Amino acid sequence: FFSCLFRFLLLWSAVLIMYPTSLAVIALTFSNYVLQPVFPNCIPPYNASRILSMVCLLLLTWVNSSSVRWATRIQDIFTAGKLLALALIIIVGFIQIFKGNYEELTPSNAFNFWMTPSVGHLALAFLQGSFAFSGWNFLNYVTEELVDPRRQVNLPRAIFISIPLVTFVYTFTNIAYFTAMSPQELLSSNAVAVTFGEKLLGYFSWVMPVSVALSTFGGINGYLFTSSRLCFSGAREGHLPSLLAMIHVKHCTPIPALLVCCLATLIIMLVGDTYTLINYVSFINYLCYGVTIIGLIVLRWKKPKIFRPIKVNLLIPITYLAFWAFLLIFSLYSEPVVCGVGLIIILTGVPVFFLGVYWRNKPKCVNRLIESMTCWGQKLCFVVYPQGGVAEEEEA
């Protein structure tokens, strides 16, 4: 019972809060960078930013609903463009360092705090900074889209290449920023890459907003692609309505799951203070990750003989768990309100679990209503349950 409840609460918080909030933040970043050249001396208008974000989200939802191949090609192209733009920033940053422009990177300036940070502040900083790295586990959501993911090469290789690459690029990009901006300038900038480009690239400063816009466009596509698969898998396990476990009869795309992810993101954009939600989302993220790692260790202890296509040394999850405990304990100490709200968000799924999942013997009228809504959704989206041997995508 409790394992089923914990799985549902993780899915509940991920589908309705974590990934829609992340999608909303990336979409708003996209719109800010697109609109920044139009409004160079001020913050882009609130309504214009929201409308452009929604148009981008709806467009990519349509693309993901139409073809898996289109979605993956968009991801490949825009990821390559993103890396090229970041490489440009890093190269310019190194040129600045070779010219001697690294005052903000010297130890006396880099560790000159305007306030004395406590251990709780450091933990909270790690927690908030983790939002930028929150895509590290997304590859696991799309294993069904990979070619032979159970081989002991494909999935681990992708993870071992991508995580160090992202860490390297992210770190050196921030170093490059500090060759042109002080911490105060960086914090006050509404579009950091634009400010960096204006200071160092001259006539080519337009490259930065275009590059970041393309990067975030690909990021939205990636989030939609992975979060919809999580929703699809949860429905297949019986934790979400069965309609969400269906795919289009021709395109083999999880249209209902994509629509749910899109709708949840649109609602958060309209009614929520999106950037405030990042604090709550970061706490929920790490709480769920830690519980998942604990489950892995428990299974290794209780069921050591079961077949594991991919197996890592226990030192890795134990090290992660120690770091996780540090973050959570000191975050609870320094920001009890933020962490308390995060816990409340997770616990809102408890009554939903009892009504929707645990309560099996529902009245016939409720079952008939659910069946009719499922049938109506199937006709609207032209979807069915996936059959064994059906291809993931139509032939090109």
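Remember, it's a predicted structure, so these values are computed and weren't measured experimentally. (Residues numbered from 1 in each chain as written. Predicted model: local features only at pLDDT ≥ 70, side-chain atom pairs only at ≥ 80, totals over all residues. Heavy atoms only, no water.)

J.: How should I be thinking about the overall build of the chain in this particular structure?
T.: Along the backbone of the chain there are 15 helices and 2 strands. By the compact-globule yardstick of 21 Å for 396 residues, the chain fits well, its C-alpha radius of gyration being 23 Å. Its C-alpha atoms give the chain principal-axis dimensions of roughly 75 × 45 × 45 Å. By residue count, 43% of the 396 residues in the chain fall in the buried class. Taking the intrachain contacts of the chain between residues at least 6 apart in sequence as the baseline, contacts between residues at least 24 apart amount to 77%. For the chain, the exposed area adds up to about 22100 Å²; of that, 70% sits on carbon and sulfur atoms. (Helix = DSSP H or I, 4+ residues; strand = E, 2+ residues; numbered from the N terminus. Rg over C-alpha atoms; globule rule 2.2 N^0.38 Å. Buried < 20%, exposed > 50% of the residue type's maximum accessible area, 1.4 Å probe, protein only. Contact = heavy atoms within 4.5 Å. Areas by Shrake-Rupley, 256 points an atom, 1.4 Å probe, with all protein chains shown as cover.)

J.: Got a minute to help me understand the nonpolar core in this structure?
T.: The tendency in soluble globular proteins is for nonpolar side chains to be buried side by side. L57 and I220 are the most contacted members of the largest nonpolar core, which has 68 residues in total. Of the residues forming this core, the biggest block, 16 residues, is contributed by helix α1 (residues 2-35). (Core = buried A, V, L, I, M, F, W, Y, C linked by side-chain atoms within 4.5 Å.)

J.: Would you explain a nonpolar patch on the surface in this entry?
T.: Together, Y203, F204, W206, V210 and L214 make up a nonpolar patch on the protein surface, roughly 640 Å² of accessible area in all. With respect to the helices and strands, the residue V210 is situated in helix α9 (residues 207-236). (Patch = residues over 30% accessible without salt bridge, like charges linked within 9 Å, V, L, I, M, F, W, Y side chains within 5 Å. Salt bridge = Lys/Arg side-chain N within 4 Å of Asp/Glu carboxyl O.)

J.: For this particular structure, what's the right way to read the packing of helix α2 (residues 46-66) against helix α10 (residues 255-271)?
T.: The description of two packed helices rests on the angle between their axes and on the distance between the axes. One way to put it is that α2 packs onto α10 with a least axis distance of 10 Å and a crossing angle of 175°. For the element pair α2 / α10, the angle class is roughly antiparallel. Note on element contacts: α10 touches α2 through I255, L258, L259, C262, T265, L266, M269 and L270, opposite Y46, R50, S53, M54, L57, L58, T61, N64 and S65. Partitioned by chemical class, the residues of the contact of α2 with α10 number 11 nonpolar, 5 polar and 1 charged. (Axes fitted to C-alpha atoms, helices over the stretch in contact; angles between N-to-C directions. Parallel < 35°, antiparallel > 145°, perpendicular 65-115°, else oblique. Nonpolar A, V, L, I, M, F, W, Y, C, P; charged D, E, K, R; others polar.)

J.: I keep staring at the state of the cysteines and nothing clicks. Help me out?
T.: Disulfide: a covalent bond formed between the sulfur atoms of two cysteine residues. For the structure shown, the criterion picks out 0 disulfides. For C231, which is in no disulfide, the shortest distance to another cysteine sulfur is to C261 and amounts to 5.0 Å. Judged by relative accessible area, which is 0%, C231 ranks as buried. (Disulfide = S-S within 2.5 Å.)

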